[in-house]
Amino acid sequence: MNTTIIGSGVAAWTLARELRKAAPDHEIRLITADSGDFYSKPMLSNALASGKTPGTLVMTPAAKLAEQQNVELISQTTVTAIDRSAKVVKSAAAEYPYDQLVLALGADTIKLPIEGSGAGDVLSVNDLTDYDTFRRELEDKKHVAVLGAGLIGCEFANDLLKAGIKATVYDLADRALARLLPEQASEFLQKKLAEQGVQWKLGRSVKRIEKIDGAYKLEDSKGEQETAELVLSAVGLVPRTKLAQDSGISSDRGVLVDEFGRTNDASIYALGDCAQYHGKYVLPYIMPVMQAARAIAQTLTGKETPIKFPAMPVTIKTPDCPAVVNPPLPHHEGTWEVMADDNGVKALFKAADGALLGMALLGEASKERQALSGQLPGVA
């Protein structure tokens, strides 16, 4: 039995490890468009201040990991098509047969429609190569404009501050982390980071970026202008679904999978940032990857195991304002109960019967993570 995995991020390598544990003799092939070196993608948004280079972010080189896990590694190879009837994946160089195929394709950064001579110079950081470019471009820079006040944008802004670089953060929403936090929690985070030097430009979008004398002049939707030495976009990710769609695999926001991680093709699975679990949830975090990989590995080796997600609070890497969030799901009904003071914010989203459905803990309140997590419901 051959399981071929496309991808080499945390999802792909975690699945390979779980497969090897479940079936020591299982044939595993991993195909990746890059080197396949193993690193933690979430570390990219807080690596600057600690002086991390792309090399030091690599936890295990791909060749060593492939040897350890007895995986056939096909690196620097882009899969261009899936022939479902022949059960082969195609690249420019070769075709590879599979019995079971797992898509661990990841996600791409969203590109904003910005005009001007400097628009093409906007950077995004989505992998080690991007981080290397960003780090080199940052040399001798003192001011970076960050597009996006979501989780990644806030983490990068705080990391830039810790590295001695000023950050100006733009977002169309009128507050930071608007999708994850209630209003008072957003205000607390903004205040704490502003005290350290973050400049917030919220409730607006950047319309034009002009490159002038090696710097960038940004014009926003309110008509205001700001000059920065570098522009970083951190407005979010979109799951990579084109390969799946082109081969007739059902996709919506992500590649649609059932409770076992299967697509509409019984021999093809998906997990990680590209997957849309239970037909509902795109979960671009590490903990869901671990849960899904364990279950899918069991299913692939003959023991059907449904994917179950417990409560999975997310730690936001903003050391100047420690934060833990577990937002309520879209179908949850309830209200936020917020307790706030100068030291922190404890926000609990409760149902009418008092059941805890979500939480946002900032500052000192973040220490209550463990005590409250056990009261939260699972995702599915």
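The structure we're discussing is the one just above.
In this text the structure is predicted, and so the values were computed from the model without any measurement.

This next bit is on the overall build of the chain. Each helix and strand counted, the chain has nine helices and 26 strands in total. Taken over the C-alpha trace, the chain has a radius of gyration of 22 Å; the compact-globule value for 380 residues is 21 Å, and the two agree within 12%. C-alpha atoms of the chain, sized along the principal axes, occupy 60 × 60 × 35 Å. At a minimum sequence separation of 6, the contacts of the chain that also span at least 24 residues come to 61%. Both charge centroids of the chain, one from 41 positive and one from 48 negative side chains, sit 2 Å from each other.

A separate point is the side chain of Thr-299. Tracing the chain through its elements places Thr-299 in helix 8 (residues 286-300). Aside from chain neighbours lying at most four places away, what touches Thr-299 is Phe-260, Arg-262, Tyr-269, Glu-304 and Thr-305.

Moving on, we get to unusual backbone geometry. In this model, Asp-140 sits at a positive phi of 65°, which is unusual for a non-glycine residue. By the secondary structure assignment, Asp-140 is in the loop between helix 4 (128-137) and strand 11 (143-147). Take Asp-140: its relative accessible area is 74%, and that puts it in the exposed class.

With that settled, consider the pairing of strand 9 (residues 100-103). Alternating positions in strand 9 separate into two faces, Gln-100 and Val-102 on one and Leu-101 and Leu-103 on the other, with burial throughout. Pairing of strand 1 (residues 2-6) with strand 9, which is carried by four bridges, proceeds in the parallel orientation. Each bridged residue has a counterpart across the sheet, and for Ile-6 the counterpart in strand 9 is Leu-103. Where strand 9 and strand 20 (residues 268-270) come together, three bridges link them in parallel fashion. Its bridge partner lying in strand 20, Leu-103 is registered against Ala-270.

Here we take up the state of the cysteines. One pass over the structure, following the stated rule, counts zero disulfides. Considering cysteine sulfurs only, Cys-321 is the nearest to Cys-154, which forms no disulfide, with 9.3 Å between them. By relative accessible area, Cys-154 is classed as buried at 0%. Judged by relative accessible area, which is 1%, Cys-321 ranks as buried.

Moving on to the pairing of strand 14 (residues 206-212). As judged from the six bridges shared by strand 14 and strand 15 (residues 215-220), these two strands associate in the antiparallel manner. Following the sheet pairing, Arg-208 is matched in strand 15 by Glu-219. In sequence, strand 14 turns back onto strand 15 through a hairpin of two residues, with Asp-213 there showing a positive phi of about 50°.

This brings us to the sheet that holds strand 15. Taken in spatial order, the three strands make up an open sheet running 14-15-16, and their pairing is antiparallel. Of all strands in the sheet, those with a lone pairing partner are strand 14 and strand 16 (225-228), marking the two edges. This sheet shows a mean twist of 25° between the axes of neighbouring strands, independent of strand direction.

Core analysis: the biggest nonpolar cluster contains 54 residues, and Leu-15, Leu-103 and Leu-271 have the highest contact counts within it. Each residue touching Leu-15, except ones within four places of it in the same chain, is listed here: Ile-5, Val-102, Leu-271, Ala-293, Ile-296, Ala-297 and Leu-300.

In this section: the pattern of salt bridges. Opposite charge on two side chains allows them to pair when their charged atoms are near. Applying the stated rule across the entire model yields 21 salt bridges. A salt bridge links Asp-273 to Lys-41, with the nearest nitrogen and oxygen atoms 4.0 Å apart. Separated by 232 residues along the polypeptide, Asp-273 in the loop between strand 20 and strand 21 (275-276) and Lys-41 in the loop between strand 3 (38-39) and helix 2 (54-57) bring together distant segments of the chain. Classification of Asp-273 as buried rests on a relative accessible area of 16%. On the basis of relative accessibility, which here comes to 26%, the residue Lys-41 falls in the partly exposed class. Where salt bridges share partners, they join Lys-201, Arg-204, Asp-220, Glu-224 and Glu-226 into one cluster.

Taken together, three strands build an open sheet; the order of strands is 6-7-8 and the sheet is antiparallel. For this open sheet the edge positions go to strand 6 (79-83) and strand 8 (95-97), each flanked by a neighbour on one side alone. On average, adjacent strands in this sheet sit at an angle of 20° to one another, irrespective of strand direction. With four bridges joining them, strand 6 and strand 7 (residues 88-91) adopt antiparallel strand pairing. What sits directly across from Asp-83, in strand 7, is Val-88.

Before going further, it helps to examine the packing of helix 5 (residues 151-162) against helix 6 (residues 183-196). The contact between helix 5 and helix 6 brings their axes to 10 Å, and the two run at 25°. When the axis of helix 5 is compared with that of helix 6, the two are roughly parallel. Here the hand of the crossing between helix 5 and helix 6 comes out left-handed. When helix 5 is examined against helix 6, the residues Cys-154, Asn-158 and Leu-161 are found in contact with a partner set consisting of Leu-189, Leu-193 and Gln-196.

Considering the arrangement of structural elements, one finds Thr-32 in the loop between strand 2 (27-31) and strand 3. A distance of 2.7 Å separates a polar atom in the side chain of Thr-32 from a polar atom in the side chain of Asp-34. Look past the residues within four positions of Thr-32 in its chain and what remains in contact with it is Gly-7, Ser-8, Leu-73, Ile-74, Ser-75, Gln-76 and Thr-77.

What follows covers a nonpolar patch on the surface. On the surface, a cluster of nonpolar side chains totalling about 260 Å² of accessible area is made up of Ile-110, Leu-112, Val-235 and Val-238. With respect to the helices, strands and loops of the structure, Val-235 is situated in the loop between strand 17 (230-233) and strand 18 (237-239).

Rules used throughout
- Residues numbered from 1 in each chain as written.
- Predicted model: local features only at pLDDT ≥ 70, side-chain atom pairs only at ≥ 80, totals over all residues.
- Heavy atoms only, no water.
- Helix = DSSP H or I, 4+ residues; strand = E, 2+ residues; numbered from the N terminus.
- Rg over C-alpha atoms; globule rule 2.2 N^0.38 Å.
- Contact = heavy atoms within 4.5 Å.
- Lys, Arg positive; Asp, Glu negative; His and termini not counted.
- Charge placed at Lys NZ, Arg CZ, Asp CG, Glu CD.
- Buried < 20%, exposed > 50% of the residue type's maximum accessible area, 1.4 Å probe, protein only.
- Pairing = 2+ DSSP bridges.
- Disulfide = S-S within 2.5 Å.
- Axes fitted to C-alpha atoms, helices over the stretch in contact; angles between N-to-C directions.
- Core = buried A, V, L, I, M, F, W, Y, C linked by side-chain atoms within 4.5 Å.
- Salt bridge = Lys/Arg side-chain N within 4 Å of Asp/Glu carboxyl O.
- Parallel < 35°, antiparallel > 145°, perpendicular 65-115°, else oblique.
- Left-handed = near helix turned anticlockwise from the far one by under 90°.
- Polar contact = N/O pair within 3.5 Å; in protein donor to acceptor, adjacent residues only side chain to side chain.
- Patch = residues over 30% accessible without salt bridge, like charges linked within 9 Å, V, L, I, M, F, W, Y side chains within 5 Å.
- Areas by Shrake-Rupley, 256 points an atom, 1.4 Å probe, with all protein chains shown as cover.

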